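Each chain, written out:
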Amino acid sequence: MYTYFYFSFSYKAKKNTRHMSLNQQDLDPDSSTDMKDVTNPEEELIKECEEMWKDMEECQKKLSLVGTETLTDSNAQLSLLIMQVKCLTAELSQWQKENPEIIPLNEEVLVTLGKEEFQKLRHDLELVLSTIQSKNEKLKEDLEREQQWLEEQQQILESLDVLHSELKNQVVTISESRIFDELNTKMRDVKEFKEKLLITLGEFLEDHFPLPDRNVKKKKKKTNIQESTAQLITLHEMLEILLNRLFDVPHDPYVKISDSFWPPYIELLLRNGIALRHPDDPTRIRLEAFHQ
Amino acid sequence: MSVLRPLDKQPGLNTATILLVGTEDALLQQLADSMLKEDCASELRVHLARSLPLPSSANRPRIDLIVFVVNLHSKYSLRNVEESLHHVDATFFLGKAAFLATGAGRESHCSVHRNTIVKLAHTYRSPLFFCDLEIEDFRATMAQRLVRVLQICAGHVPGVSALNLPSLLRSSETPAPEDL
């Protein structure tokens, strides 16, 4: 097993010899002065290789004497591990013993070797370059995509912020007590207005629709015109009665005409459509429902 | 009944020979073609065999690397490989042998469990590769890897010998040494 590295050295050397011989023919095809230098390294190398080959053949002979051994599943691991230990220690000791042989430091040899190494290096570097370039491209594309996404998200965020602030301004802080107070104020205003209206109505009615004079009634008593002796109520009071009846008993808003109603005023109300007679009973009237 | 020995013959100049053992002829042929397409400094030779022992012929060059190809879809291929293992000299397993399991991609068709082949590779202390040889891209990548390993086994890579391979190619899946 420890002859492995022998083989590796010999292979490399043989390969280089072949390359070298080709290259040297390219390098100096016509120079005659360098002939000796040209052939010498080549001959040297070939001699070295031949020696190595002979060594190898000897080793090969020794190896062929070694017996064979096959494995079964049960003993495989253990025997293999033991063998590995032996071989690896042998290889290690061989590496430690052996000084690396340098091929003759000849200019042509070095140049050829150098060229080869550099070409290999260049090839590998080109591969690396193309890989990295394509990786770069991909990364650029990814970056662009991500930036676009970020922009869109920022736009969305901005518009959402604007919406948010707008809505915030619109929303008035709703508190129960405020609503309550508002309603109270409204009711109060409405009530005030109602009072005002009633007062104005009363004043208006007093001014323009007064009750007839009492004295006149007493005078006409003798002339046999039936005048009601009951206390007359003002038009205001009449309207009040009608209004209350309308709202208290909506399904029967009729009021019986009593003697306290002054007939001319009843006529006035009826003729102007403010009051209506009962369809079956002429003695009953109701207020027109202006609100319905 | 000849047992395959790693160093029975002299090596050829700048040549490296790989032996693919497996029952899947078509797949082996395709893998061989992919390997020969790889550009490699050494001359490659690929031999195919259904099973070992090989018919004895003096023309066969020295084998540098044996790859046992197991198809996880058929138990027969596993059994075939297991029987062939007995015709290989023990020194091959010091890095010059490897296992290749194909067909792991289609779980439903697998009749051989992954762990079986993992255990087998572990028993023989050899590296195990998983590759679906039917898919061309994977096959090409695997061919590249095999060519590199073959170069090391043939000694064409200075500084690395086949003895280093089992420890270099140890994957995280193989059970820890405590499981011995």
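Because the structure is a prediction, the values reported are computed rather than measured. (Residues numbered from 1 in each chain as written. Chains lettered and ligands numbered in written order. Predicted model: local features only at pLDDT ≥ 70, side-chain atom pairs only at ≥ 80, totals over all residues. Heavy atoms only, no water.)

> Talk me through the overall build of chain A; I want residue IDs and the actual numbers.
For chain A, the count of helices and strands is eight helices and three strands. When the helices and strands of chain A are read in sequence order from the N terminus, they spell out α-α-α-α-α-α-α-β-α-β-β. Going through the 292 residues of chain A one by one, you find that 23% of them count as buried. In chain A, the share of contacts with a sequence separation of at least 24, taken over all contacts with a separation of at least 6, comes to 63%. Carbon and sulfur atoms form 57% of the exposed surface of chain A, whose accessible area is close to 22,800 Å². (Helix = DSSP H or I, 4+ residues; strand = E, 2+ residues; numbered from the N terminus. Buried < 20%, exposed > 50% of the residue type's maximum accessible area, 1.4 Å probe, protein only. Contact = heavy atoms within 4.5 Å. Areas by Shrake-Rupley, 256 points an atom, 1.4 Å probe, with all protein chains shown as cover.)

> Help me get a handle on a nonpolar patch on the surface, residues and values and all.
Together, A:Ile156, A:Leu160, A:Leu163 and A:Leu167 make up a nonpolar patch on the protein surface, roughly 370 Å² of accessible area in all. As for its placement among the helices and strands, A:Leu160 is situated in helix H4 (residues 107-170). (Patch = residues over 30% accessible without salt bridge, like charges linked within 9 Å, V, L, I, M, F, W, Y side chains within 5 Å. Salt bridge = Lys/Arg side-chain N within 4 Å of Asp/Glu carboxyl O.)

> Outline unusual backbone geometry, supporting the account with residue identities and numerical values.
Residue and element names in this part refer to chain B. Cis geometry is adopted by the peptide bond preceding Pro-53, which originates at Leu-52 and carries an omega value of 10 degrees. Counting through the fold element by element, Pro-53 comes out in the loop between strand S2 (43-49) and strand S3 (65-71). For Asn-14, which is not glycine, the phi torsion reads 60 degrees and is therefore positive. According to the relative accessible area criterion, Asn-14 is buried, its value standing at 12%. With a phi close to 50 degrees, Arg-125 is a non-glycine residue in the positive phi region. Here Arg-125 shows up in the loop between helix H3 (114-123) and strand S5 (128-130). The class of Arg-125 is buried, set by a relative accessible area of 13%.

> I'd like to hear about the sheet that holds strand S1 (residues 15-21) of chain B, residue by residue, with values.
Residue and element names in this part refer to chain B. Reading across from one edge, S2-S1-S3-S4-S5 is the order of the five strands in this open sheet, with parallel pairing throughout. What marks the edges here is a single partner per strand, and that holds for S2 and S5. The sheet shows a mean angle of 25 degrees between the axes of neighbouring strands, taken without regard to direction. Pairing of strand S4 (residues 97-102) with S5 involves three bridges; the strand directions are parallel. Looking across to S5, one finds that Phe-99 is bridged to Leu-128. (Pairing = 2+ DSSP bridges. Axes fitted to C-alpha atoms, helices over the stretch in contact; angles between N-to-C directions.)

> Mind laying out the pairing of S1(B), listing which residues take part and the relevant values?
Consecutive side chains of a regular strand alternate in pointing toward one face of the sheet and then the other. All names here are of chain B. Within S1, seven of the seven residues are buried, which leaves the element mostly enclosed by the surrounding structure. The alternating pattern of S1 places Thr-15, Thr-17, Leu-19 and Val-21 and Ala-16, Ile-18 and Leu-20 on opposite faces, both of which are buried. Bridging between S1 and S2 involves seven bridges; their strand directions are parallel. Residue pairing in the sheet places Leu-20 in a bridge with Leu-48 of S2.

> Residues and numbers for the nonpolar core, please.
The tendency in soluble globular proteins is for nonpolar side chains to be buried side by side. If you look at the biggest cluster of nonpolar residues, it comprises 35 residues, and the most contacted ones within it are B:Leu19, B:Ile66, B:Phe68, B:Phe93 and B:Phe99. Going through the elements one at a time, helix H3 (73-97) of chain A together with S1, S3, helix H2 (75-85), S4 and H3 of chain B are the ones with two or more residues in this core. Setting aside chain neighbours within four positions, we find B:Phe68 in contact with B:Val21, B:Leu52, B:Val81, B:Ser84, B:Leu85, B:Val88, B:Phe93, B:Ala97, B:Ala98, B:Phe99 and B:Leu100. B:Ala16, B:Ile18, B:Leu20 and B:Ile152 belong to the second largest nonpolar core, which has 28 residues in total. (Core = buried A, V, L, I, M, F, W, Y, C linked by side-chain atoms within 4.5 Å.)

> Provide a residue-level description of the sheet that holds strand S3 (residues 284-287) of chain A, including the pertinent values.
All names here are of chain A. With antiparallel pairing, three strands are arranged side by side in an open sheet as S1-S3-S2. At either margin of the open sheet sits one strand with a lone partner, and together these are strand S1 (255-256) and strand S2 (275-277). One ladder, built from two bridges, connects S1 with S3; its direction is antiparallel. Counterpart to Val-255 in the pairing with S3 is Ile-285. Sheet contacts for helix H8 (residues 263-271): S2 and S3; angle to S2, the most-contacted strand, approximately 95 degrees.

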